[in-house]
Amino acid sequence: MQPILDSLLEYLALSPTSAHTGSRSAEMLEKEGFSRLEPGDPWKTAPGGRYYTMYSPATLAAFIVGKRPPAESGFRITGAHTDAPGLFLKSEPYSYKEGLGTLGIEVYGGPLLNTWFDRDLGLAGKAVGSDGTVALYSIKEPILRILSPAIHLNRDVNRKGFKANPETEIHPVFSTVDEYPALRSLVAEAAGMKAGKMAFFSGELVSLEKPVLAGINREFLVASRIDDIASCHAALHALFRVRSPESTAVVVLFDNEEVGSRTTAGAAGPFLETLLERLSGGREEYFRAVARSFMVSADCAHAVHPDWADKHSSQSRPRLNGGPAVKRSAMQNYATGIETGAYFFRCAERAGVTLQEFTGRTDAQAGSTIGPITATRTGIPTVDVGNPMLAMHSIRETSGALDHEKMILCMVEHMA
Ligand code: ZN
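Position numbers for residues start from 1 in each chain and track the written sequence from start to end. With pLDDT at 70 or above as the cut-off, local features in this predicted model cover only qualifying residues; side-chain atom pairs require 80 or more to be listed or tallied, and sums for whole chains, interfaces and linings still use all residues. Working from all heavy atoms in the structure, the side-chain values ignore hydrogens and water.

**Q** Can you walk me through the coordination of the zinc ion in this structure?
**A** Reference values for coordination geometry: four tetrahedral donors around a metal ideally subtend 109.5 degrees, six octahedral donors ideally subtend 90 or 180 degrees. In this description, a donor is an N, O or S atom within 2.8 Å of the metal centre, a cutoff extended to 3.2 Å for sodium, potassium and calcium. Water is not part of the atom list, which can make sites seem incomplete. At 2.0 to 2.7 Å from the zinc ion lie its protein donor atoms, namely H81 (NE2), D227 (OD), D299 (OD) and D299 (OD). In short, tetrahedral needs four donors with all angles between 85 and 135 degrees, square planar needs four and octahedral six donors with opposite donors over 155 degrees apart and all other angles between 65 and 115, and whatever is left is irregular. Around the zinc ion sit four donor atoms; with metal-centred angles ranging over 53 to 144 degrees, the donor geometry is irregular. Expressed as a motif, the donor residue spacing for the zinc ion is H-x145-D-x71-D. You can see D227 sitting in helix α6 (residues 226-240) and its partner D299 sitting in the loop between β15 (294-298) and β16 (301-302), a full 72 residues away along the chain. Strands are runs of DSSP state E lasting at least 2 residues, helices are runs of H or I lasting at least 4, and numbering of each runs from the N terminus.

**Q** Can you walk me through the pattern of salt bridges in this structure?
**A** Note on pairing: side chains with opposite charge can pair once their charged atoms come close. Criterion for a salt bridge: a side-chain nitrogen of Lys or Arg within 4 Å of a carboxyl oxygen of Asp or Glu. Going through the model one piece at a time under the given rule, you end up with 18 salt bridges. A salt bridge links K90 to E167, with the nearest nitrogen and oxygen atoms 2.7 Å apart. In this pair, K90 sits in strand β5 (residues 86-97) while E167 sits in the loop between α4 (157-160) and β9 (173-175), placing the two residues 77 residues apart along the sequence. The shortest N-O distance in the salt bridge between R377 and E273 comes to 2.7 Å. In this pair, R377 sits in helix α10 (residues 371-378) while E273 sits in helix α7 (residues 271-280), placing the two residues 104 residues apart along the sequence. Relative accessibility decides the category of a residue: with a 1.4 Å probe and only protein chains considered, values under 20% of the type maximum give buried, values over 50% give exposed, and everything between is partly exposed. When its relative accessible area of 16% is taken as the criterion, E273 is described as buried. Through salt bridges with shared partners, one network takes in E273, E277, R283 and R377.

**Q** Hey, could you run me through the layout of surface pockets in this one?
**A** Estimates place the volume of the largest pocket at around 860 Å³. Lining the largest pocket are 36 residues, with H302, H312, M389, A391 and M392 sitting closest to its centre. The domain limits used here are those given by an automatic or database domain assignment. Taken together, domain 1 (2-84 + 224-415) and domain 2 (86-207) each give at least three residues to the lining of the largest pocket, which thus spans both. A cavity here means a set of points on a 1 Å grid, drawn over the protein atoms and nothing else, where a 1.4 Å probe fits but cannot get out; a pocket is an open set with protein on both sides within 12 Å along at least five of seven lines, and a residue lines either one if it has an atom within 4 Å of a point. Grid points are joined across faces, edges and corners, and a volume is the space filled by probe spheres set on the points. Here the second largest pocket defines a volume of roughly 480 Å³. Around the second largest pocket, the lining is made up of 31 residues, and of these L12, A13, V206, S207 and E209 lie nearest the centre. For the lining of the second largest pocket, the secondary-structure elements that each account for two or more residues are α1 (2-13), β8 (134-144) and β11 (204-207). No fewer than three residues from each of domain 1 (2-84 + 224-415) and domain 2 (86-207) sit in the lining of the second largest pocket.

**Q** In this structure, what is going on with the sheet that holds β15? I would like to understand it.
**A** To summarise the sheet geometry, strands pair through backbone hydrogen bonds and adopt either a parallel or an antiparallel arrangement. Spatially, the nine strands line up as an open sheet ordered β1-β2-β3-β14-β4-β15-β19-β17-β18, and their pairing is mixed. Because the sheet does not close on itself, it has two edges, and the strands there are β1 (35-36) and β18 (356-358). Note: β1 against strand β2 (residues 50-56), two bridges, orientation parallel. Looking at the pairing, R36 lines up with Y52 of β2. Should any heavy atoms of two residues lie within 4.5 Å, those residues are counted as being in contact. Only the stretch in contact is used when a helix axis is fitted, and all axes are lines through C-alpha atoms; the angle between N-to-C directions ranges over 0 to 180 degrees. Strands β14 (248-254), β15 and β19 (382-386) of the sheet are contacted by α10, whose axis makes an angle of about 165 degrees with β19. In short, DSSP must find at least two bridges between two strands for them to pair.

Remember, this is a structural readout, not a statement about activity or role.
Spelled out as structure tokens, the structure:
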């Protein structure tokens, strides 16, 4: 159990941004003997061959070519997303006020904003050189802080709750001196560029707290970005355990789920469809393959919070370490149908894993994920699943450490 969790803790620690997750995934794939295919080159693949391709720094797919052609046996696809909610620097972020160097931020997706205050924060992103070269960087020092107002300035906070306007009340500070160029130099240095040669940079705020196993039996997995990095890790490791499958096994990891997936690198973009058509060998073969394919879309589910138990459905009550949950919604926020749900239950049965079920409260609006989007685009029958977690979209999320291996075992049964 421990080696797979050590590998997950390391993957989480090396994933401060979705692009870093993409880059770390590529490293893992290379180590496992997957060959890189460039989108602009002609592809030659052979049955049993292991390949991967990067659509963007944060959107990629890895696959093992099946013994039978896709037109005859379809694809077995597992999907997840590489991005997480967070705070991004504005394009001209700097102002010096009240003796502090401060930065303006934009909110990406739906983070729990209050959890970002008074943390040790680093910065990670991309730097673009004046010659157009792009480099990822990650500053792992506590250079930024978002400061709470003292209790004396906000006397009702514990009764009325903490509110902060992200435009006017969330400005990370980095210095008492007016020295923005020094911050730019730090970024350039971390990106391996000379400060004068860096034309632009993007920055995402990063929690520096290490991912850990917590609880008296170390049964909690605690980290930033567990949603949905843990599913990306599970999908890749499931693929690593697949040997020579009948049907082509595909893992696809998308960016931009947290902002609705409607981007070129998101699940609503062209990547999956064009990849599958390419692997099918033509349009007619693609249509035949789609009719025989199946997709598992993995994204974290809500476990029942003990202090907010009434906020959950009174029937389905996922708990940590109770196994992966199959997610269902009459409003089709999840792609799961009765047949596709049953398919995943059969995978779990073969793997010896007990599953749970998730439906939201009938009187509340549910979340969604990539499954309904890829299913709508491609027509491939899809089941939405996810390991239960608490504190979803907090800067520090909590899930069940034992559920990770169970998810991998089910995914192996799906793709092998
Ligand atoms: Zn998610």
